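# Understanding the architecture of this molecule
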Amino acid sequence: VSRLDALRVVNLTAGYGAAPVLSGVEIEVRQGEAVALLGANGAGKSTLMRVIAGLHPAADGQVAFEGGLLNSLSANERVRKGVVLSPEGRQVFPELTVRDNIRLGAFLDRRDIEARTQAMLARFPRLAERLHQRAGLLSGGEQQMLALARALMSKPKVLLLDEPSLGLAPRVIDEIFGAFRDLRDQDLTLLIVDQMAGLALSISDRAYVLSGGQVVAQGRSAQIAADPAVNAAYLGG
Ligand code: ATP
């Protein structure tokens, strides 16, 4: 089966003010693929995710999805096309209930909102138990699940996962990554940034390693995981 390019980043440069954070970055994610984006703190991973999602401008280069350029589209327009960022769990709306946070994910397309909400609650039973609580009262892991549920409500074609394990206990991380495995097995296209390189490599097909804003290594995840030089130089051993 030949897989079409879903997401393609070409010669991307971006930064804050005059300082470039990303320079000449090239990545591609094929339909149904799970791709990990690795690198030390400050390598530029979050900036790349934000540029893809339309939350930060590209200074140069292209971001394309399913063959169409995204550069001039707003973040909302990209969500409508299926490019959806699942932010860190702390970015839920703390004063709103779990239910309202989930429903917010359907802000661009409210069709079947009740059925879709029910599907999320079936997927994340812990959220169902806390449906009418304020999101700010949830545990860190539950907030991460809620952020993911909200992102899934937007009907993503490619889901951008930014640091999903951040600050979570090992057992909770297993649960969240279990959900990613299910999504991957259902052929959702995933781009995953995580400090836990071994974990991100274990659920991805391919990986890119960023350092100093450039792609310094790429390959099958199993190969990257087994490469001592890459591990020592960029992934903390
Ligand atoms: P981390 O894992 O620590 O989040 P990262 O690989 O995601 O790292 P980025 O967050 O993209 O890296 O940051 C890349 C560089 O850009 C860093 O040097 C950071 O200090 C800088 N940077 C990030 N956000 C801003 C900002 N809003 N204004 C100025 N500089 C920023």
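Our subject is the structure that appears above.
What comes next is a walk through the structure. (Residues numbered from 1 in each chain as written. Predicted model: local features only at pLDDT ≥ 70, side-chain atom pairs only at ≥ 80, totals over all residues. Heavy atoms only, no water.)

### Examining the site of the ligand
- Near the ligand, the surroundings consist of Tyr 16, Val 21, Ala 40, Asn 41, Gly 42, Ala 43, Gly 44, Lys 45, Ser 46, Thr 47, Glu 163 and Gln 195.
- Tyr 16 places a polar side-chain atom, nitrogen or oxygen, 3.4 Å from a nitrogen atom of the ligand.
- A distance of 2.8 Å separates an oxygen atom of the ligand from a polar atom in the backbone of Gly 44.
- In the complex, the protein chains occlude 55% of the 630 Å² of accessible area that the ligand would expose alone. (Near = heavy atom within 4 Å. Polar contact = N/O pair within 3.5 Å; in protein donor to acceptor, adjacent residues only side chain to side chain. Areas by Shrake-Rupley, 256 points an atom, 1.4 Å probe, with all protein chains shown as cover.)

### Describing the packing of aromatic side chains
- Taken as a whole and judged by the stated rule, the model has one aromatic pair.
- Taking 5.0 Å as the distance between ring centres and 65° as the angle between the ring planes, the aromatic pair formed by Phe 177 and Phe 180 counts as edge-to-face. One end of the pair, Phe 177, and the other, Phe 180, are both in helix α7 (residues 170-185), three residues apart, so they sit about a helical turn from each other. Just as Phe 177 is buried, Phe 180 falls in that class too. (Phe/Tyr/Trp six-rings, centres within 6.5 Å; stacked < 30°, edge-to-face > 60°. Helix = DSSP H or I, 4+ residues; strand = E, 2+ residues; numbered from the N terminus. Buried < 20%, exposed > 50% of the residue type's maximum accessible area, 1.4 Å probe, protein only.)

### Some thoughts on the packing of helix α6 (residues 140-153) against α7
- Running from N to C, α6 and α7 cross one another at 15°; their axes reach a closest spacing of 9 Å. Viewed along their axes, α6 and α7 adopt a mutual orientation that is roughly parallel. For the pair α6 and α7, the sense of crossing is right-handed. From α6, Gly 141, Gln 144, Met 145, Leu 148 and Leu 152 reach across to α7, where they touch Val 172, Glu 175, Ile 176, Ala 179, Phe 180 and Leu 183.
- Classifying every residue of the contact of α6 with α7 by side-chain character gives eight nonpolar, two polar and one charged. (Axes fitted to C-alpha atoms, helices over the stretch in contact; angles between N-to-C directions. Parallel < 35°, antiparallel > 145°, perpendicular 65-115°, else oblique. Left-handed = near helix turned anticlockwise from the far one by under 90°. Contact = heavy atoms within 4.5 Å. Nonpolar A, V, L, I, M, F, W, Y, C, P; charged D, E, K, R; others polar.)

### A short note on the sheet that holds strand β5 (residues 68-69)
- The four strands are arranged β2-β1-β4-β5 in an open sheet whose pairing can be described as antiparallel. Where the open sheet ends on each side, the last strands, each with one partner, are β2 (19-30) and β5.
- Where strand β4 (residues 60-65) lies against β5, two bridges are found, and the strand directions are antiparallel. Paired with Ala 64 across the bridge in β5 is Leu 69. (Pairing = 2+ DSSP bridges.)

### Quick notes on the pattern of salt bridges
- In this structure the tally under the stated criterion is 16 salt bridges.
- Taking the shortest distance from any N to any O, the salt bridge between Asp 109 and Lys 155 comes out at 3.3 Å. Of this pair, Asp 109 sits in the loop between α3 (98-104) and α4 (113-123) while Lys 155 sits in the loop between α6 and β7 (158-162), and the two are 46 residues apart along the sequence.
- The salt bridge involving Glu 175 is made with Arg 126; its shortest N-O contact spans 3.1 Å. Of this pair, Glu 175 sits in helix α7 while Arg 126 is found in helix α5 (residues 125-129), placing the two residues 49 residues apart along the sequence.
- The class of Glu 175 is partly exposed, set by a relative accessible area of 38%.
- Residues joined by salt bridges that share partners form a network here, namely Asp 5, Arg 8, Glu 28, Arg 30, Glu 33 and Arg 206. (Salt bridge = Lys/Arg side-chain N within 4 Å of Asp/Glu carboxyl O.)

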